[in-house]
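Breakdown of the fold
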Amino acid sequence: MIVGVLALQGDFREHIAILSKMGVDAEEIRTPEELAAVDALVIPGGESTTIGRLAEVYGLIGPIQSRCEAGMPVLGTCAGMIFLASSTADGDQAQLGVLDACVRRNAFGRQFDSFEADLEVVGLDEPMHAVFIRAPWMEKIGADVEVLASVIDTEGESHPVLVREGRILATSFHPELTGDERLHRMLVDLVDDI
Ligand code: GLN
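Here is what the cut-offs are and how they apply
- Along each chain, numbering runs from 1 in the same order as the chain's sequence is written.
- Since the coordinates come from a predicted model, pLDDT governs what is reported: local features require at least 70, and pairs of side-chain atoms require 80 or more to be given and counted, while whole-chain, interface and lining totals use all residues.
- Each side-chain value is worked out from all heavy atoms of the structure, with water and hydrogens disregarded.
- In this text, helices come from DSSP runs of H or I with a minimum length of four residues, and strands from runs of E with a minimum of two, each type numbered from the N-terminal end.
- Only protein chains enter the area calculation, which uses a 1.4 Å probe; residues under 20% of their type maximum are buried, those over 50% are exposed, and those in between are partly exposed.
- What makes two residues a contact is simply this: any of their non-hydrogen atoms within 4.5 Å.
- Side-chain atoms alone can form a polar contact between residues adjacent in sequence; in general such a contact is a pair of N or O atoms within 3.5 Å, and within protein one must be able to donate a hydrogen while the other accepts it.
- The nonpolar core is taken to be a set of buried Ala, Val, Leu, Ile, Met, Phe, Trp, Tyr and Cys residues, with the residues joined through side-chain atoms within 4.5 Å.
- Each residue is tested against the molecule or strand, and it is near if at least one of its non-hydrogen atoms lies within 4 Å.
- Accessibility throughout is a Shrake-Rupley quantity obtained with a 1.4 Å probe, and a residue counts as covered only by protein chains that appear here.
- Here the nonpolar group is Ala, Val, Leu, Ile, Met, Phe, Trp, Tyr, Cys and Pro; Asp, Glu, Lys and Arg are the charged ones; every other residue, Gly included, is treated as polar.

**Re the environment of Asp-118**
- In this fold, Asp-118 is placed in strand 7 (residues 114–119).
- The exposure class assigned to Asp-118 is exposed, which follows from its relative accessible area of 57%.
- Separated by 42 residues in the primary sequence, Asp-118 and Gly-76 have C-alpha atoms spaced 19 Å apart.
- If near-sequence neighbours (up to four positions away) are discounted, Asp-118 is found in contact with Pro-127, Met-128 and His-129.
- Polar contacts involving the side chain of Asp-118 include one to the side chain of His-129, which spans 2.8 Å.

Next comes the structure, spelled out in structure tokens:
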């Protein structure tokens with residue numbers, strides 16, 4: 001099994017490192033040909049407008065959409081989650097539209113620009129320590145999107161920060177920065193289930 005990590009911008013090296021530590025063959029992906037060779041894809045955190053623009057330049061939007069529609073497992077973290085979604089609350093940018101969600105970028109505001117929290121995650125016995133860096137949240141999600149973890153904002157409102165739709169997993173936070181392998185394990189398990 002090969003897990004590709006979209007390596008256009010952002011913290012793709014951290015994802016490669018955690019997958020390699022798990023003993024998974026992880027490859028940097030920059031072209032449609034490289035994408036065709038992988039069984040699953042990670043889209044890293046970084047800056048989502050840059051990732052989107054570069055994905056257009058490299059001709060990757062259509063090929064990633066086709067693989068997602070054909071059932072390839074995907075994990076998108078932070079900017080990766082924004083890129084997977086169908087729209088943003090903030091304006092237009094290149095997105096894949098394979099995750100039925102509208103996301104708000106930098107949603108936690110200045111006071112909580114970056115923060116850490118222990119999250120209860122559906123299906124996991126122990127909480128997950130989550131690092132949020134200028135993180136988005138889900139503003140609206142489609143009926144087929146399952147919420148696996150949420151965060152409550154300063155107004156007491158709950159916002160999804162980890163969701164699953166079919167074989168697509170998306171997080172507002174950065175599992176690749178805490179050494180917690182459980183979300184990458186979920187991704188690999190989705191490949192094994194095919
Ligand atoms: N704020 C970034 C964006 O909107 C995402 C931040 C991140 O990936 N850590 O693209």
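**Quick look at the nonpolar core**
- By size, the foremost hydrophobic cluster in this structure holds 38 residues, and its most contacted members are Leu-119, Val-121, Phe-132 and Phe-173.
- Counting only elements with at least two residues in this core, the list comes to strand 1 (2–6), helix 1 (12–21), strand 3 (40–43), strand 7, strand 8 (128–133), strand 10 (146–152), strand 11 (158–165) and helix 6 (182–192).
- Among the elements that take part in this core, helix 6 stands out by supplying 6 residues, more than any other.
- Among all residues touching Val-121, those that are not within four sequence positions of it are Met-128, Leu-148, Ala-149, Leu-162 and Met-186.
- Ala-85, Ala-94, Val-98 and Val-163 belong to the second largest nonpolar core, which has 32 residues in total.

**Quick notes on the site of the ligand**
- In the vicinity of the ligand, the contacting residues are Gly-45, Gly-46, Glu-47, Ser-48, Cys-78, Ala-79, Ile-82, Arg-105, Asn-106, Ile-133, Arg-134 and His-174.
- Within the backbone of Ser-48, a nitrogen or oxygen atom sits 2.6 Å from an oxygen atom of the ligand.
- Take Ile-133: an N or O atom from its main chain is 3.0 Å from a nitrogen atom of the ligand.
- Protein contacts shield 93% of the accessible area of the ligand, which totals 300 Å² for the unbound molecule.
- Counted by class, the shell around the ligand contains 4 nonpolar, 5 polar and 3 charged residues.

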